[in-house]
Each structure stands twice: as C-alpha cells, then as structure tokens.
Amino acid sequence: MDHKETFISCPVCKTSHVAPLNGRNDGVFASTCEHCGHFFKFRSVAPYKSSITFSVNGKQVTVGTEYDSSSTLNDFLRQSRISMGTKVFCKQGGCGICIVVAKMTLNPNGTPVTANINSCLCPLFVCDGWEITTVEGLGSTKTQMHKIQSTLSGFGGTQCGYCSPGHVMNMYGLMQQYPNATKQDIEDNFEGNLCRCTGYRPILDAMKSLVPATTTDIEDLSRKLCQTTGKPCGSRTGSCGGGCQNHSDSRSIKMVFGDTRWQKAANLADLYQMLSAASGQKVRLLGANTGTGYFENEAIKNFDVVIDISGVPELYVNTHDSQTKTFTLGSCLSLTNLMDLFKSEAAKVGATQNFDELKKYLYRVASSPIRNRGTWSGNLMLKNKYHSFPSDVFNIMTVLGASLTIGPTPQSVVTCEAFYNTDMTGKCLTKATFTEFGPNDVVACFKVMPRSQNCLAHVNGAFRCAVDKTHGYLVTSQPIISIGGISNTFHRATATEQYLYRKQLSSPSTIQGALNVLASELNPTAGSGLTSISYRKTVACALLYKFVLRVLGNTASYQYRSATTVLHDIRPLSSGVQSYDTNKQEWPLNEPLKKLEADIQCTGEAEYTDDLPAYPGQLHAAFVTSTQANATVQSIDTADALKIPGVVKVLTSFDIPQDAENDIQPPLSISNETEPEELFSSGKVMYYGQSLALVVAESQAIAEEGAAAVKVTYNNIKTPVLTIDDAIAANTYFKKPLPDITIGHPDQVIAGAAHQLSGSFSTEEQLHFHMETQASVCIPTEDGLDLVSTTQWPDSIQHCVSRVTGIQKSAINVTVRRLGGAYGGKITRNNFAAAACGLAAKITNRPVRMRQTIQSNYIMLGRRYPHKINYRVGFDDSGKLLGVDVKFYEGLGCLPDEKSAAMFPGSIDNAYYCPNWKMSMEAMRMNTAMHTSTRAPVTTPCVFMIEHIMERIARSLNKDPATVKQLNFYREGQYTPVGSVLTHCNMSAVMSELMTSAQVQTRQSLFTFFNKDNRWKKKSLAVVPVKFGLSTVYSMYTVNVAIHSKDGSVSVSHGAVEIGQGLNTKVAQVVAYELGIPVTKVTIKATQSVFSDNNTPTGGSVTSGEICKGAINCCQVLINNMKPVKDKMVDPKWEDLAEKCYQENVVLNSRFNVAGVHPTKPGDEIYHYYSYGAACTEVELDVLTGEYQINRVDIVYDCGESLNPAVDIGQVEGAFVMGLGYSLTEEVAYDPQTGRMMNNDTWGYHPPTNKDIPIDFRISLLKNAPNPSGVLRSKASGEPPLNASCSAFFALRNCIEEARKDAGQTGEFDFQPPATIEKVQLACLVDPSQFSI
Ligand SMILES: Cc1cc2nc3c(=O)[nH]c(=O)nc-3n(C[C@H](O)[C@H](O)[C@H](O)COP(=O)(O)OP(=O)(O)OC[C@H]3O[C@@H](n4cnc5c(N)ncnc54)[C@H](O)[C@@H]3O)c2cc1C
Ligand code: FES
Ligand code: FES
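Quick summary incoming for the structure in this document. In this text, all values refer to a predicted model and were calculated from it rather than measured experimentally.

### Quick look at the overall build of the protein chain
No. 1: Scanning the protein chain for helices and strands turns up 37 helices and 49 strands.
No. 2: Relative to a compact globule of 1333 residues, whose C-alpha radius of gyration would be 34 Å, the protein chain shows 32 Å and is just as compact.
No. 3: If you line up the protein chain on its principal axes, its C-alpha atoms span 100 × 90 × 70 Å.
No. 4: Classification of the 1333 residues of the protein chain by burial places 63% in the buried group.
No. 5: Partitioning the intrachain contacts of the protein chain with sequence separation of at least 6 by distance along the chain shows that 75% fall at a separation of at least 24.
No. 6: Accessible surface, the protein chain as shown: approximately 46500 Å² in total, 51% of it carbon and sulfur.
No. 7: Within the protein chain, one finds 119 positive and 123 negative side-chain charges whose respective centroids are separated by 3 Å.

### Regarding the side chain of Thr 510
No. 1: Take Thr 510: it is sitting in helix H16 (residues 508–521).
No. 2: Once you skip the residues sitting within four places of it in the chain, Thr 510 turns out to touch Tyr 499, Leu 500, Lys 503, Gln 504 and Leu 505.

### Points about the site of ligand 1
No. 1: Neighbouring ligand 1 are 38 residues, the closest being Thr 290, Glu 298, Thr 375, Asp 392 and Lys 447.
No. 2: Glu 298 has a polar side-chain atom sitting 2.5 Å from an oxygen atom of ligand 1.
No. 3: The side chain of Asp 392 places a nitrogen or oxygen atom 2.7 Å from a nitrogen atom of ligand 1.
No. 4: Relative to its free-state accessible area of 970 Å², ligand 1 is covered by the protein chains to the extent of 98%.
No. 5: Per-class residue counts for the shell around ligand 1 are 18 nonpolar, 13 polar and seven charged.

### Examining the pairing of strand S16 (residues 318–321)
No. 1: As paired elements, S16 and strand S17 (residues 326–330) share four bridges and run antiparallel to each other. Across the sheet, Asp 321 pairs through a bridge with Thr 326, a residue of S17.

### Describing the sheet that holds strand S8 (residues 113–118)
No. 1: Pairing is mixed in the open sheet, where five strands are placed in the order S6-S5-S9-S7-S8. Each edge of the open sheet is held by one strand with a lone partner, namely strand S6 (59–63) and S8. Each strand axis lies, on average, 30 degrees off the axis of its neighbour in the sheet, ignoring direction.
No. 2: With five bridges connecting them, strand S5 (residues 52–56) and S6 associate as antiparallel partners. Bridging from a neighbouring strand, Val 56 pairs with Lys 59 of S6.

### Some remarks on the packing of helix H25 (residues 794–805) against helix H26 (residues 831–844)
No. 1: Here H25 crosses H26 at 45 degrees, and the two axes come no closer than 9 Å. Here H25 lies oblique to H26, going by the angle between them. Relative to H26, H25 is oriented so that their crossing is right-handed. Contacts between H25 and H26 involve Ser 796, Ile 797, Cys 800, Val 801, Val 804 and Thr 805 on the former and, on the latter, Asn 831, Ala 834, Ala 835, Gly 838, Leu 839 and Lys 842.
No. 2: Of the residues that constitute the contact of H25 with H26, the class distribution is seven nonpolar, four polar and one charged.

### Considering the nonpolar core
No. 1: Counting 242 residues, the largest nonpolar core has Leu 679, Leu 694 and Ile 953 as the members making the most contacts within it.
No. 2: Once residues lying within four places of it in the same chain are set aside, the contact partners of Ile 953 are Leu 757, Val 873, Phe 875, Gly 879, Leu 881 and Val 964.
No. 3: Met 104, Met 339, Leu 362 and Leu 400 belong to the second largest nonpolar core, which has 83 residues in total.

### A look at helix H30 (residues 987–997)
Residues lying three or four places apart along an α-helix face the same way, a consequence of the helix completing one turn every 3.6 residues.
No. 1: Of all the residues in H30, the buried ones are Met 987, Val 990, Met 991, Leu 994 and Met 995. Projection of H30 onto a plane perpendicular to its axis shows the buried side chains occupying an angular sector of 130 degrees, all on one side.
No. 2: Within two residues after H30, Gln 999 carries a phi angle of roughly 45 degrees, on the positive side.

### Let's talk about the pattern of salt bridges
No. 1: Counted according to the given criterion, the structure contains 68 salt bridges.
No. 2: Ionic pairing is found between Glu 298 and Lys 385, a salt bridge with its closest N-O pair at 2.9 Å. Of this pair, Glu 298 sits in the loop between strand S14 (283–286) and strand S15 (305–308) while Lys 385 is found in helix H12 (residues 376–385), placing the two residues 87 residues apart along the sequence.
No. 3: Using a relative accessible area of 5% as the deciding quantity, one classes Glu 298 as buried.
No. 4: According to the relative accessible area criterion, Lys 385 is partly exposed, its value standing at 41%.
No. 5: Between Lys 1301 and Glu 1298 there is a salt bridge, and its shortest N-O distance comes to 3.2 Å. Within this pair, Lys 1301 and its partner Glu 1298 are both found in helix H36 (residues 1286–1302), separated by three residues, close to a single helical turn.
No. 6: For Lys 1301, a relative accessible area of 41% gives the class partly exposed.
No. 7: Overall, Glu 1298 belongs to the partly exposed group, its relative accessible area being 24%.
No. 8: Each of Arg 78, Lys 87, Asp 610, Asp 611, Arg 849 and Arg 851 takes part in salt bridges that share partners, so that together they form one network.

### Digging into helix H33 (residues 1103–1128)
No. 1: Its 26 residues place the ends of H33 38 Å apart at the C-alpha level, agreeing with the 38 Å of an ideal helix rising 1.5 Å per residue.
No. 2: Residue Met 1122 marks the point of greatest curvature in H33, where the axis turns by about 45 degrees; the proline Pro 1124 follows within four residues.

### Things to note about the side chain of Ser 368
No. 1: With respect to the helices and strands, the residue Ser 368 is situated in helix H11 (residues 368–373).
No. 2: The class for Ser 368 is buried, based on a relative accessible area of 5%.
No. 3: For Ser 368, the residues in contact, after removing those within four places along its chain, are Asn 116, Asn 170, Asn 189, Glu 191 and Thr 336.

### Re unusual backbone geometry
No. 1: For the bond running from Trp 587 to Pro 588, omega is 10 degrees, close enough to zero to count as cis.
No. 2: Locating Pro 588 in the fold gives a position in the loop between strand S25 (575–579) and helix H20 (598–603).
No. 3: Cis geometry is found at the peptide bond from Pro 1313 to Pro 1314, where omega equals 0 degrees.
No. 4: With phi around 60 degrees, Arg 81 is a residue other than glycine that occupies positive phi space.
No. 5: Locating Arg 81 in the fold gives a position in the loop between helix H1 (73–79) and strand S7 (99–104).
No. 6: The exposure class assigned to Arg 81 is partly exposed, which follows from its relative accessible area of 34%.
No. 7: The phi dihedral of Asn 289 falls on the positive side, at around 70 degrees, and the residue is not glycine.
No. 8: For Asn 289, the location among the structural elements is in the loop between S14 and S15.
No. 9: On the basis of relative accessible area, Asn 289 is assigned to the buried category, the value being 8%.

### Let's talk about the packing of aromatic side chains
The description of an aromatic ring pair rests on the distance of the ring centres and on the angle between the ring planes.
No. 1: The final tally for this structure, using the stated rule, is 38 aromatic pairs.
No. 2: Relative to Phe 389, the ring of Phe 295 has its centre 5.5 Å away and its plane inclined at 85 degrees; by these criteria the two rings are edge-to-face. Of this pair, Phe 295 sits in the loop between S14 and S15 while Phe 389 sits in the loop between H12 and helix H13 (392–399), and the two are 94 residues apart along the sequence.
No. 3: Residue Phe 295 is classed as buried on the basis of its relative accessible area of 11%.
No. 4: Pairing Phe 394 with Tyr 420 gives two aromatic rings, centres 5.7 Å apart and planes at 45 degrees, and the pair type is tilted. Within this pair, whereas Phe 394 is found in helix H13, its partner Tyr 420 is found in the loop between helix H14 (416–419) and strand S20 (428–435), the two being separated by 26 residues in sequence. Of the two residues, Phe 394 and Tyr 420, neither departs from the other in class, the shared state being buried.
No. 5: Grouping aromatic residues by their ring pairs yields a cluster made of Phe 761, Phe 944, Tyr 1222, Phe 1289, Phe 1290, Phe 1309 and Phe 1311.
No. 6: The ring centre of Phe 1290 lies 6.0 Å from the NZ or CZ of Lys 965, which sits over that ring.

### Comments concerning the sheet that holds strand S34 (residues 775–780)
In a beta sheet, neighbouring strands are held together by backbone hydrogen bonds and run either parallel or antiparallel to one another.
No. 1: Read from one edge to the other, the open sheet built from eight strands follows the order S28-S30-S26-S37-S34-S35-S36-S45, with strand pairing classed as mixed. The two strands at the open ends of the sheet, each matched to only one other strand, are strand S28 (647–651) and strand S45 (1087–1088).
No. 2: Direction of pairing for S34 relative to strand S35 (residues 785–789): antiparallel, over a ladder of five bridges. Residue pairing in the sheet places Val 777 in a bridge with Val 788 of S35.
No. 3: Along the sheet, helix H22 (residues 700–709) contacts strand S26 (619–625), S28, strand S30 (691–697) and strand S37 (848–851); its crossing angle with S26, the most-contacted strand, is approximately 25 degrees.

What counts and what doesn't
- Residues numbered from 1 in each chain as written.
- Chains lettered and ligands numbered in written order.
- Predicted model: local features only at pLDDT ≥ 70, side-chain atom pairs only at ≥ 80, totals over all residues.
- Heavy atoms only, no water.
- Helix = DSSP H or I, 4+ residues; strand = E, 2+ residues; numbered from the N terminus.
- Rg over C-alpha atoms; globule rule 2.2 N^0.38 Å.
- Buried < 20%, exposed > 50% of the residue type's maximum accessible area, 1.4 Å probe, protein only.
- Contact = heavy atoms within 4.5 Å.
- Areas by Shrake-Rupley, 256 points an atom, 1.4 Å probe, with all protein chains shown as cover.
- Lys, Arg positive; Asp, Glu negative; His and termini not counted.
- Charge placed at Lys NZ, Arg CZ, Asp CG, Glu CD.
- Near = heavy atom within 4 Å.
- Polar contact = N/O pair within 3.5 Å; in protein donor to acceptor, adjacent residues only side chain to side chain.
- Nonpolar A, V, L, I, M, F, W, Y, C, P; charged D, E, K, R; others polar.
- Pairing = 2+ DSSP bridges.
- Axes fitted to C-alpha atoms, helices over the stretch in contact; angles between N-to-C directions.
- Parallel < 35°, antiparallel > 145°, perpendicular 65-115°, else oblique.
- Left-handed = near helix turned anticlockwise from the far one by under 90°.
- Core = buried A, V, L, I, M, F, W, Y, C linked by side-chain atoms within 4.5 Å.
- Arc of directions from axis to C-beta.
- Salt bridge = Lys/Arg side-chain N within 4 Å of Asp/Glu carboxyl O.
- Expected span 1.5 Å × (residues − 1).
- Bend = angle between axes of the 7 residues up to and from the residue.
- Phe/Tyr/Trp six-rings, centres within 6.5 Å; stacked < 30°, edge-to-face > 60°.
- Lys NZ or Arg CZ within 6 Å of the ring centre and 35° of its normal.

Functional significance is not addressed by these values, which are geometric in nature.
See the structure below:
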C-alpha cells in the first residue's frame, strides 16, 4: 500500500493535520481539529485517482472498484447495457465481433491515437481519458444510419447478423486510422473478423466499395452521431459542439480490488519505484493485455500487482539517428507502430525491400485490432516466459539484430539470444535498438500457418545475410537464421549460420550442405496441438531453401524460382460475379431484396438472446463438466464452490424433482434408440465435457468461477473410444439405423465387371462454430416458466424443460427472435442450457440466465458426425458404374441424436445412376459428445465419398473425371436407390453450363504447362456435381397471417426460426405478393411456442419454402374472406378495404398448419423434389510448405425460380465457404488419454477467414428452371451448395499427384479430408535432398 499522507488544515486555528483515512480519496469529508476541537468539513482531492473517467459515444462515464480488476471494456459495455451491439464470443481476440473504436491517450507527450481494438481483451481500467465509439455511436435506423452500416446492409453482407457490428466497427476504425486506405488495405485488415454465414464476399465487396474518392467521402465515413445533440458529428477533425469532450485529469491511478492492486505509472521513475515497492509480489506489467487472449496465466486476476505502463512517455521513443545509423524503439510501441515505421523509414534509409519484407511479415501477425494495441515488447516477453510460443516478433527482432534494454537501473543491454533466457522478474523491457541494413543485406521472412491469416505459425522463420552477387553470391556476413515452432530450446540455427558464412550460395553443394547441417540441429519436439516432427523439420528446411532461392533470384533455375513467392503475398484482391434472372413483373416475388433485418443487424439494434435486459433478482448459471471420457463419477464436492461469495446453489442430478425425469431428449427423433440424455450425469461419464452439475450464482463470472471450484473424482476410468476405427475395434455399435439394402445383383455384377476397385474413405467432424454460443433466459411466472432460448426448435425446449422440471408443457412459453448462427447446432443442443436454466429457475424461483463460453459450448456439445465407408465398385471400360457395394459407418458419439445414417441410401448415389447397389449402415458409439445435425448433415459426407470413388475410377482408366461423371449422370425418369423417379432432372443442364462458363478444358490444359514448368508450385481444378433431395418428412409448421384494421398492415407469425437464412424476408415477399401490397406493410413476429405448438425444427433447407406455403394458404383464405366486401367497393385502397372488412366483422386472420410427408412403408417417396448444382474449383499449391489458395470457383446452382436471388446467392456462397472449412482447414483433435477435445477455441480451430475464400468467386443461378414441385416454382438453397465444396479437396489432390510425380512416385496414394497443410505437404513427399537450385 502507498503510505504517502494527505494533509488538511483547520479553518480556525490553521493547524495542519494528517487527513483521516477517507481523506485520501476524492470527496467531501468531515474532521475534528486535534488542536482547537473545531469540527469542519473539507474537500479532498487525492494525489491518486481511484476511479477512471472516459466517454462512450460522447457520454462520460466514471467507474471504480464496483467492477473487478479483470473486467474488460466489453464486460463494461454489455453489463451496463451501454452497447449491446458490441457482441462477445471468444474473449481471445480471435473473432472480432467485439470490436470498438477507441481514441486513446497513450503516450502523454504524443498525439492521441484512434484505432479499432478488441474490447474483449481491453482491460476496463486502462480506458481512463479515452473516447470509445461503439456501433450505436455511428448511427441507427431510428435516426440516421452511418454510410458503413447502410452499405454493408445494402450489399447483403449480413445473414445471422451476429458478426455485423464488428465488421462495421473494424471498417470505421480503419478509416479513422488510414483515411486514404485503398481496397487492398481494406482487404488486408479484416483478418480478425470472422463470419460463419456469408462466405465474406459480400462483406468485402461492401467495404471495398467505400474506398474514399474525395474528401467528402472521407468525412462521410468518419462521421458519427452526437449522443447529446442527436446530430451527425465527430468528423476526424472537429466536433458538433455537443459537449462530447472528455474532461482530463492527469493524476496517476491507484486502485485496490480484493487481492489485486492496480497502478498506472506516469513516467519511468514512477514505474521503477512501483516495481521496487512490489518486490516479492506477483507483478503484471500491463502493455495492452492482448497476451491474455492466448495465455490464460497472464490474466490480471492471477497477479498481486498490476502496473499499467501505457502512460510512460519514455517507452514511446521512436527515433532514427542518421549519424550512428541506429533506430531506437520504445517498448510501448504497438505492432502497428512498427509496421508504420518499416513503411516510412524504409524509404529514408534505402533498404526498401528488406523493410517491406518485415512489414509484410507483420501483416501476418495476429489481426489489425490486436496489432493496434499489442506491443512488440509484450510479444517478446511472452516468448521469454513461454518458450514454445512461436513468436513472429521475436524472429523480426532477431533478424534486425536488435539489442534490448532492460531496466531498472543499472540497465542491461542484451541481444535477443540472451534475452531468451533472461530472468525478467521485477524488470521492464524499455527499448530496442538496431542499425540500418547494409547495401548487400537480404532479408526473407516466412510464416507457415494452418490457414491464410490470423493464427499462430506451425513453423516460421526469418533469414538474413549479406551477399556479394559478383562472387557467386558469397555470404559476406554471419547470417542470421531464426526459426520458430520447433521446440522450447531451439530458436536460432547457429550451426547452419556458421556453415553458410563465407560460402557461395550459387554453388549447388552449399544448399545441400546447409540443409544437412540444419537437419542435424533441428530437433522438433512432439506434443499435443503440434504438427508432426517430420512436417516441421521439412518445412524448416524448405524455408531455408526458399531463402537461398530468393537471394539467387533469376540466377536460379527457372523451374525452381516460383518457390520463392508466398501465395499470400501475391494474392490479388478477391472479387465475385453473381448472375441470376429476375422477373420484375413478379416483384416483390423474385426480387433481390435486402434482408428485412439487415439494417438493424448493421446498427447493432438487432436483439439476440443474451442482449435481453437483466431481470430483477436474476441469477446466472454455468455447467460443471467432466474431465474424463469413459469413467464413473465417484464424488462431486461442492464445498469450495459454495464458499465463493455470490454462489447461490450447485445443482446435480439429485436436484431433479421426483415427478420429473433426468432426460433432455427431444420430442421427435428418427433415432430408434431409447437411452435418455441426462441433464446431469447420474454416475456414468460417457465423454469429456459431459454435464455433471450446475453452479447458480449472482453473476456469470461467479458462476464460472464456482464451476471451476467444484471437485469431481472418478473411478473405473477406461481408455476412451474416440474414432470410428476405435469403435469398430471395440465393437461399440448402436442398433442398426436401417436394414441392409440390395438393389439388383451387386455382388455378381461387380465380380463380373471389366474393372473393380475397393477401398475406404473417411470424413471427419466439424464444429458448427456459431458465434452466438448457447444461451437461455428463464423467468418464473405465475403459471410456469417463460424462456427465451437460442433454439431452432422451440417445441423441443418446451418438451425438455417440462421433462426436467415436472411443469406441464402448456405452462412453459418459449420465444425466439433470431439466432446468431445455428447451422443445425441449435436443433437439439440448446436443450442443455434451456433445461438447466428452467430447473434452476424453478428451484430458486428467480430468473436464471446462461451464456455458455466458447470453450464450454464446444467441449460439451456435439458437432458434425464423423463417417467412414468401405466400398467395392465395378465399372466398364468407359467408366460407367455397374455395381456399388458400400458399408457406411456413422460415429454418433456417446448417444444417438437424429442418427442421420438413415438418410444414407438417399444421398450416397449423388448424381449417378447405377442399377446395382448393396448398402449397409452402422451407427457407432464413441466417448465423444453426442453429435448432431450440421448443415447438410448426411449428404455432405456422402457426396464426398462417392466423388472420391468417381475420381478414382477416372484415374484408374486415365480419363478426365468430369467426363466419367457426366457419363454416369441420372437421366430423366430414372429411379434412385430409394425409389424416387427423377423428373425435371436438371443435372446435365447445370453441368454443361458450368463446363462452358468455367472454361474447364482450356484451363486444364494450361495447368499442364504450368505444372511442368514449376517444380514447387502446382495448379489444378476439380468439378463436383450435386443432386440434393429436399425432404419434408414429418415436418409440421404453423403460420398465421393477420391483417390489421385502419392501416392495413399485416403481421405474420410462424413456427420456424430466423437463423440468418432469410426466411422472414422470403415470407414477407410472398405475403406481399399474394395480398398485392408493398413488403413494407408486412411485419414478421418472433417465434413463440404458445402460437406454434408441436412444430418441428427449422432445418433441412425446406423450412423457408414450407412457411411460404403456409403463408400463401393463409393469404388465400383472407382474400376469400375479404372478397364480398371488396366486391361492394370500387377499386378500394388496401387500407380502406382492411378497415371496411373490420367494420363488417370479416375474420382478418388466418392460420394454417403445413404438414410434410409421412411415409408409412419402405419405398414411400420421402423427397419433395431434387435440386441440382455443380462447382468447379481451381487451387494453387505451394508444395514445399503445403500452403494453398483457391484461385477461382465457379458454381451453377438450380434454385428453381428463386424467391429472392440475393438471399439465395448468399446461401450458396456461405454454404460453399463453410464446406471449404470442412474439406480443408477445420480439424477436431482429441487427447487420446482423456478424450478431451483440444481445440475448442479460436486458437486451435480454424474456420475460413476472408482470405481463405476463392479469389475469383462466380455464382450463377440456373436460368429458366421453374420447379413445378416447389413453392412458387422455387427451390431451396441453404444446404445443397455445401456439398460441392469438396471440389477444392479433389483439386488439391490433383496438385499433390503432380508433385509426387516430380518426386518420382506415381500411382494411388491415401489422402483423406480435411486437407490440412500438413497432410498436403506430407503427401507431396517433399525431400530436402531434392532442393536444387
Ligand atoms: C488473437 C491474437 C493473435 C495473435 N497472433 C500472433 C501471431 O500471429 N504471431 C505472434 O508472434 N504473436 C501473436 N499474438 C501475440 C501478440 O503479438 C501479443 O499478445 C502482443 O504483442 C503482446 O503485447 P501486449 O502489449 O498486449 O502485452 P501484454 O499482454 O500486456 O503483456 C504480455 C506479457 O509481457 C509482460 N510485459 C509487457 N510489457 C512489458 C515490458 N515492457 N517489460 C517487461 N514485461 C512486459 C507482461 O507482464 C505480460 O507477462 C497474437 C495475440 C492475439 C490475442
Ligand atoms: S470476443 Fe473479442 S475477439 Fe472474439
Ligand atoms: S452473418 Fe456473419 S456470422 Fe452470421
């Protein structure tokens, strides 16, 4: 504690006193004079501030210790409800949905900096004096939308809308920081914003369209709304005069929170004094706190003393001394500052290329909001503390030859090498110095990471040496080789550096010699989350090889030169073309209208479950989950949790009422198993992450702390069964989902066929990765419970809450307004959160809410099923299928959910006719979470599998795969294995349009030349057709359309859920069309169980069509009801007609239940109609590292007569990009011992980012293709296009085959999805002995 005293003097006798304790704070206090006894009041201004003041959207706020020291700006914005548009998901800096713009007074001697930051990592108490702008501060639909908001909305850049405020704020921040940003700058700076729905193309198009052409544009983009005057204000330079300025109070901050003391140093001396005073305590120097995003140990709550160093002016020094040719960088400079420096100084000292290389490398570090705040010194400190951290900044500082200065006095100056092992306890890194590059210096940096951007490297390296080009590229200085990602001890290839010094790089023996030395000093460690040893070793060697090739430039042999380019660096701006027909005569039907909710999504006004206001007396809940996968619970000890202030209760299976059941299975399941799914385990643990108990507390943070404090012991621990192969070996089968099927004479035909092939193929799990995690709010009411929940199936929520509480279903009301992403993950998987909140609300009789963390969400809840097939196939010389025998395994996890294996026979044929089939389906039990439907649940693996077979057939016959595929296409009138007769079969039409528009053959022949000319880069394409059956089996939805008197406005209620698919917009268009009124007259209500009882889930792509069908029925009834009145009127206005009908007691609402088909016997038609599509994907591969990019994708999709082409194109793009993740980058990893899913967050799991999408993305909706079986001739679009995305996988496989040929290997090789860069590179048989120059 600080012991500095405050003195006050008595107003009567003037004696000076030590102020009473409270007089050390700000405020008015009273005291009695010790000398004369006079009682007096005095005003105290403490030497240090004990609260902070900043502004949000122009309004000042002051906060103190009522928030705890670990609180973030995001916690504050959401808990205070100042900005519910600012969302939260990962709390790791990995998704960008929390981005706000901050004008920060960091360096007291410098000018304020305005930039986008991740509010989830920004500690609340660093914001003193800052001006924060959130999405609400830019504009609103109630006043005026900001240009960025309206542009994103207008370009169709939102689907579920959960990511939209983050995108808006990222763009706003960028324009504040770089008003003259180019399209390239924009595309480069959205790497930290994830979107699971759109496929990014419309977002990027929207943002790039905003590139300012004039100063007025810049002003427009900088403008925000003044919260005081309500007028647009806040141009970058001025203000509206509404009094939005912050008052400034430059006193230092000292605050005490529980066990943590928070201080802000005002200068270096202050900092050193604080460090000395805190000697022996756990001290956290606070740069920007972004390190907490990755290393949980760095969280503020783990320290005794936090010292914010961001106000120390000496740490912002940024100089270049031309005399000594030395640069000095203060340790508080951010990574963005470093990039700007590399940009500006490069020109001055004439080493443009090397500085440019470093700047490009920095672009690949984290994301722009992280770089805006994260300091280079904080990054180096993370490397110092956690040697395994593959720091890119450490590589940069090493290659610069930086000297690092460490205080307090006596200061020491160390090299990066020495810093690596320096004990930094009680010390501060103050600056780095380095000298200019010499004229012959060459620098190259490489970062090899699991996707194109925003993740940590598998392996990274920075290389530097000076060469004399005139003497065979003689290395004239000791090279620097810094390589990360290898092991805790390795970071500098000193032996290789030594070897290369004074060698000629142009000599072929040099590179081979250097590679041998490097291989001998590389000793990668194995470990969870790390790629294989052989991969990291060959990649490290490949990076050295790339560096040497880069030095040699055009003197290297032609076929090797392209190895030097980094695909990411040469990626051009992405673009897209969307082509469709629209018939204006039919508008608003068929009109490419923007989504009804798009505007409120972009302004942050769209409300999601966790945005609901706090209810009086509300409690929060968090699950206690198992840390074993195959065991029995021995004991659950809740004592420590209950001791935490604010923990109210811990519920276990014993708390389920006598008259209720510990079972949250949904009401309708196509599974033929009857095992209950327990809300809380009653003893048996089936997977790591299983729900064991629930902690109920006064806040979400306390509930989570309480959950962590519950101690569970286990016995009977067994090795978990984690894969389908494990399950086959362990014989853990569920009941067969369907009897085996035989059509024709498959065994005979295959045996007699001219050609046979057999093999197996597996597809893996995929997270839904909805960014709104599962949430629920449950309020006890006079007759039961009201719930708002993140569900695609309100009836299931009603059902399972009723089951676990014993309250009858009719007394439980469920409401859903919209979901922040779902993709199937909220059909049954919200049952846990809802049932837990329901039970807790019943027991405590208080409202209970829960928002699961990203980790809890993805460890506890299942994902896309893994699958495997074993197959035999017979075919003729032309490639025509004669017989197929497939055994299909589906890994259900620990329990059966929908068990989609039953849909296998209807999907495995894809677009191909075959007269002889043998099919067998197995459902496997494993010690993983119960898996569940994920967008296109069974068709996706089936298409992947049959396409694998078709590609293999073509290869075996040395034929073009597209030709073999077309040869086997269904023809009009042919029967599928499930007995559907295909009428209006558009497969051939779709494919021939694609083959022509994508110029498939011409491009293929160009790749032949490219691949011959380039040993280390390969290009190829693959074409995948898709037939997709749309089924309404067992579906049932209620629709109600009501016309309101006076203004004739129309409200529609329905039993489906708006999950981003554009359902509400299509329904509004259809209703407006049917009634002949403008779409603006139609409002769609939130989904409510009280109205849509017994409805089935939203899913399977058909729901929009079914609801439109119901709405049409309702409209027809209403038109008939109104007809007699209308006939009496002369050409009435709609509003007058509605009013007149009202006066004449005409029933102005209509309700309709749309029921799907109910097959009663095997062979009954289950598909309503089929849709068709095809995609051609071109990829380019960097053989040496396994990195790839998608150059171009062409898709032709048969959407019938689209109800809304803009919405449908959005679905096609979004589904395809989600499928790219499934095929390529998204991999789920388990710990084989405990069964823990190891990558349940944004660090370990890698959905596509905006540079993982096709560079050139062309979508065409098939023209003149009305669907006679679809509502208003349309077809669905939500899932089918996802199935074509495996074309990227097959294109990559072709590239690998080319690389293997160069390596001397021909013939088949095993290659299974996802095609991670590691798998791709290993399959290419990269061997350093072939690294020639
Ligand atoms: C989403 C995300 C992505 C990232 N991606 C990458 C990546 O691709 N490559 C990469 O290299 N890094 C990456 N990082 C790491 C990032 O660069 C660092 O988190 C950041 O630079 C740390 O700076 P900071 O100011 O926030 O440090 P803080 O988090 O404030 O501090 C980190 C540690 O350094 C100590 N410290 C801070 N300043 C000093 C000082 N001056 N003297 C002594 N100790 C100090 C702190 O006590 C703490 O222990 C990523 C981080 C995030 C969150
Ligand atoms: S919530 Fe902040 S980046 Fe994900
Ligand atoms: S619209 Fe981007 S996540 Fe849904």
